[in-house]
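A look at the structure
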Amino acid sequence: MEDNLTEENGKLDFHLLEDNEIYRIRMYGDPVLHERALPIEAITEEDHQISKKMLATMYSNPIGIGLAATQVGILRRLIVIDIDRDDPDNAPIVLINPEILEQEGESIIEEGCLSIPELKAEVKRPEKIIVSARTLDDEEIIIEDESLLARVLQHEIDHLNGILFIDHLSRKKQKRLKAKLRQIRQEHAEIPA
Ligand code: NI
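First, a word on scope: everything that follows refers to the structure included in this document. None of these values were measured; they are calculated from a predicted model. (Residues numbered from 1 in each chain as written. Predicted model: local features only at pLDDT ≥ 70, side-chain atom pairs only at ≥ 80, totals over all residues. Heavy atoms only, no water.)

At E118, a position not held by glycine, the phi torsion is positive, near 65 degrees. By secondary structure assignment, the location of E118 is in strand β5 (residues 116-125). Backbone geometry at D138 places phi at a positive 65 degrees, although glycine is not the residue there. Considering the arrangement of structural elements, one finds D138 in the loop between β6 (128-134) and β7 (140-145). (Helix = DSSP H or I, 4+ residues; strand = E, 2+ residues; numbered from the N terminus.)

Below, the structure is given as structure tokens:
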């Protein structure tokens, strides 16, 4: 019975994947998270494979709704997003070289990050954005949004520039999170690369 339930939503089956079918997510403390990813000049079959594996990696985490290539140690400007991951009919978004063209307004939303587990904080960012990117089929796409998608896009594009959501917090707030961040850094430093 339970099997039938999961079959209805292929996205939920990703937790069954073997370790070699998903990437290891780089955790806070890993220097790669502060690197700037390089633009993709020509979309190759490898990018299709990378994005597929990135989606599997994102879905294998029960709360993942966005992932940047930087977070799996690949310094290419590629992000995947699925803000409706529990809806089997909603297709995920894969964007190459995403760039914010315009931004407007302001909103404060609580964010989290797969690279900084169990830490959440309210982050102030522009509310509405216009983003240009290319799809995996090498078509230009313009996304205009002021919902959760706008927020996730900004968070993931930040990753491509080596910026984490905690970098947006005030000094005071960062100080308050210091112990927790040190703990995350130590826990994951023990896992060999
Ligand atoms: Ni993140």
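We are not done yet, so read on.
Within the secondary structure, H34 is located in the loop between α1 (2-7) and α2 (45-60). Residue H34 is classed as partly exposed on the basis of its relative accessible area of 48%. H34 sits 36 residues away from T70 along the chain, and the two C-alpha atoms are 8.7 Å apart. For H34, the residues in contact, after removing those within four places along its chain, are G162 and L164. (Buried < 20%, exposed > 50% of the residue type's maximum accessible area, 1.4 Å probe, protein only. Contact = heavy atoms within 4.5 Å.)

The pairing of strands in a sheet comes from backbone hydrogen bonds and takes either a parallel or an antiparallel form. Reading across the sheet, the five strands line up as β1-β2-β3-β6-β7 and stay open at both edges, with antiparallel pairing between neighbours. The sheet is open, and its two borders are formed by β1 (66-68) and β7, each paired with just one other strand. The average angle at which neighbouring strand axes cross in this sheet is 35 degrees, direction not considered. The pairing of β6 with β7 spans six bridges and is classified as antiparallel. Bridged to I130 within β7 is E144. (Pairing = 2+ DSSP bridges. Axes fitted to C-alpha atoms, helices over the stretch in contact; angles between N-to-C directions.)

Looking now at the packing of aromatic side chains. Pairs of aromatic rings are described using the distance from one ring centre to the other and the angle between the two planes. For the structure on display, the rule yields zero aromatic pairs. Just above the ring of Y23 sits the side chain of K53; from NZ or CZ to the centre is 4.7 Å. (Phe/Tyr/Trp six-rings, centres within 6.5 Å; stacked < 30°, edge-to-face > 60°. Lys NZ or Arg CZ within 6 Å of the ring centre and 35° of its normal.)

Its location among the elements puts E104 in strand β3 (residues 93-104). What makes E104 exposed here is its relative accessible area of 52%. Spatially, the C-alpha atom of E104 lies 5.5 Å from that of P126, the residues being 22 residues apart in sequence. Ignoring anything within four residues of it in the chain, the contact list for E104 reads P126, E127 and K128.

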